[in-house]
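Structural features, examined
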Amino acid sequence: MIAPALKLADIPQRQAYGVALAEYGDVNELVVVLDADVSSSTLTNYFARRHPKRFFNMGVTEASMVDVGAGLALGGMIPFVNTFAALLTLRACEQIRTCVAYSNANVKLVGGFAGVSDYKDGPTHFSVNDIAIMRSMPRMVLISPADNLEAARMVPVIAEYPGPVYMRISRANVGDVFDDNYQPEIGKGCILRNGSDVTLVGTGSMVARCKVAAELLSAQGIDVRLIAMSSIKPIDQELLCLAAHETGAIVTAEDHSIIGGLAGAVAEALALSCPVPLEPVGIWDNFAQTGPDPETLMDAVGLSVEDIQQAVKRALKRKHNS
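Residues numbered from 1 in each chain as written. Predicted model: local features only at pLDDT ≥ 70, side-chain atom pairs only at ≥ 80, totals over all residues. Heavy atoms only, no water.

**Focus: the side chain of Asp 255**
Inspection of the secondary structure assignment puts Asp 255 in strand S11 (residues 250–257). Arg 168 is the oppositely charged side chain nearest to the buried, salt-bridge-free Asp 255, at an N-O distance of 5.4 Å. Among the polar contacts listed, one links the side chain of Asp 255 to the backbone nitrogen of Val 116, at a separation of 3.3 Å. Here Asp 255 is in contact with Ala 114, Gly 115, Val 116, Ser 117, Ser 127, Arg 168, Ser 205, Met 206, Ile 283 and Leu 303, once residues within four sequence places are set aside. (Helix = DSSP H or I, 4+ residues; strand = E, 2+ residues; numbered from the N terminus. Buried < 20%, exposed > 50% of the residue type's maximum accessible area, 1.4 Å probe, protein only. Lys, Arg positive; Asp, Glu negative; His and termini not counted. Salt bridge = Lys/Arg side-chain N within 4 Å of Asp/Glu carboxyl O. Polar contact = N/O pair within 3.5 Å; in protein donor to acceptor, adjacent residues only side chain to side chain. Contact = heavy atoms within 4.5 Å.)

Encoded structure:
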């Protein structure tokens, strides 16, 4: 359990998820959890200790684990399939496509250590293309929680959604974004700050950084609208088009490659109905190296608060020029 005096921002997002999953297991006996021998890292070990008969350590067999999850779903259970995001979406990609997405199996895939949050294990363990992979899967819902509160509250939301879901979870501590009144919803974004000059659309661990950037830009006279887009697929096209119409420029921010991720999803949503200048903040077409901690590495690969501010200024310049 999380100590009452401990703020959610003081713990890693994976811990908030692990605790929430164990607690949700108390109220939904159909939930089973599978892990690829990394439960002490993904923190599904909370569930294992609380519900040992509904926890299955599958060993380092990601592809087989997904197939077993699909079988359990076909048997009426609600399987949460867990391992590192890079290993889940790459090693088990074919099984996810055929046995989960194509079969429309009610499997919840949870990729831990998303983005570059696994800062010390290097590019083989970074998941900077998992959004692109999973977003291309027909029938797949894709969720990237902005903070710990949302990660925890997404557990029952995705469990009770009737179909395949992929949720990416950060290894790191992420800043608080939402207050206790917030309730996440698949397919909906959330306006965190109103503004008229430009819209900043963030997802996952980048939303907290976007909040800081928006405050700094406000002090410079730039009125930023901030949207947390935790549901990347389905994406909130209505909210995006309204923001594009009212502010005239969009900046996206994600702990992921700019190719095929949030930037691509937003551009696709806007292109046909409400095109405006768009500037992406993300990892450019390159492999990130290791770092001393997640925050330093994010700064080094182009995900800093300053990078967000500069992207906003570029978007504004393009807006004015057009």
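**So, the nonpolar core**
Counting 43 residues, the largest nonpolar core has Ile 96, Leu 109, Met 140 and Val 266 as its most contacted members. For this core, the secondary structure elements donating two or more residues are strand S1 (31–35), helix H4 (62–74), helix H5 (85–91), helix H6 (93–101), helix H7 (130–135), helix H10 (237–247) and helix H11 (262–271). Contacts of Leu 109, omitting those with residues within four sequence positions, involve Val 66, Val 81, Leu 88, Ile 96, Val 100, Met 134, Met 140, Val 165, Tyr 166 and Met 167. In this structure, Cys 210, Leu 217, Ile 222 and Leu 226 belong to the second largest nonpolar core, which totals 29 residues. (Core = buried A, V, L, I, M, F, W, Y, C linked by side-chain atoms within 4.5 Å.)

**Considerations on the packing of H10 against H11**
In a pair of packed helices, the angle between the axes and the distance between the axes together describe the arrangement. It is at 10 Å that the axes of H10 and H11 come closest, and there the two elements cross at 75°. Judged by the inter-axis angle, H10 sits roughly perpendicular to H11. Facing H10, whose interface residues are Gln 237, Leu 240, Cys 241 and Ala 244, H11 presents Val 266, Ala 269 and Leu 270. (Axes fitted to C-alpha atoms, helices over the stretch in contact; angles between N-to-C directions. Parallel < 35°, antiparallel > 145°, perpendicular 65-115°, else oblique.)

**Thoughts on unusual backbone geometry**
Omega for the peptide link from Lys 233 to Pro 234 comes to 0°, which places this bond in the cis form. Structurally, Pro 234 is set in the loop between strand S10 (231–233) and H10. A positive phi is found at Phe 113, a non-glycine position, where the angle reads about 60°. Within the fold, Phe 113 resides in the loop between strand S4 (108–112) and H7.

**Digging into the pattern of salt bridges**
The final tally for this structure, using the stated rule, is eleven salt bridges. Among the ionic pairs, Arg 171 bridges to Asp 118, the shortest N-O distance being 4.0 Å. With Arg 171 in the loop between strand S6 (165–168) and strand S7 (190–193) and Asp 118 in the loop between S4 and H7, the pair connects residues that are 53 residues apart, well separated along the chain. The same class applies to Arg 171 as to Asp 118, namely buried.

**A short note on the sheet that holds strand S3 (residues 78–84)**
Overall, mixed pairing links the seven strands, which are arranged S2-S1-S3-S4-S6-S5-S10 in an open sheet. Sheet topology places strand S2 (55–57) and S10 at the edges, where each strand pairs with a single neighbour. In this sheet, neighbouring strand axes are inclined to one another by 20° on average, regardless of whether the strands run parallel or antiparallel. Here five bridges tie S3 to S4, and the two strands are oriented parallel to one another. Across the sheet, the residue bridging to Thr 83 is Gly 111, located in S4. The strands touched by H4 are S1, S3 and S4; relative to S3, the strand with the most contacts, the crossing angle is about 165°. (Pairing = 2+ DSSP bridges.)

**Structural notes on the state of the cysteines**
A full pass over the atoms with the stated rule returns one disulfide. In this model, Cys 241 is linked to Cys 274 through a disulfide, with the two sulfur atoms separated by 2.4 Å. Because the torsion about its S-S bond is -60°, the bridge between Cys 241 and Cys 274 counts as left-handed. You can see Cys 241 sitting in helix H10 and its partner Cys 274 sitting in the loop between H11 and strand S12 (278–283), a full 33 residues away along the chain. Per residue, the accessibility class of Cys 241 equals that of Cys 274, and both read buried. No disulfide involves Cys 99; its sulfur sits 12 Å from the nearest other cysteine sulfur, which is in Cys 93. (Disulfide = S-S within 2.5 Å.)

**Let's talk about the sheet that holds S7**
As summarised here, the arrangement of the five strands in space is S7-S9-S8-S11-S12, forming an open sheet in which the pairing is mixed. Sheet topology places S7 and S12 at the edges, where each strand pairs with a single neighbour. Looking at each pair of strands side by side, their axes are set apart by 25° on average, direction ignored. Note: strand S8 (residues 198–202) against strand S9 (residues 224–228), five bridges, orientation parallel.

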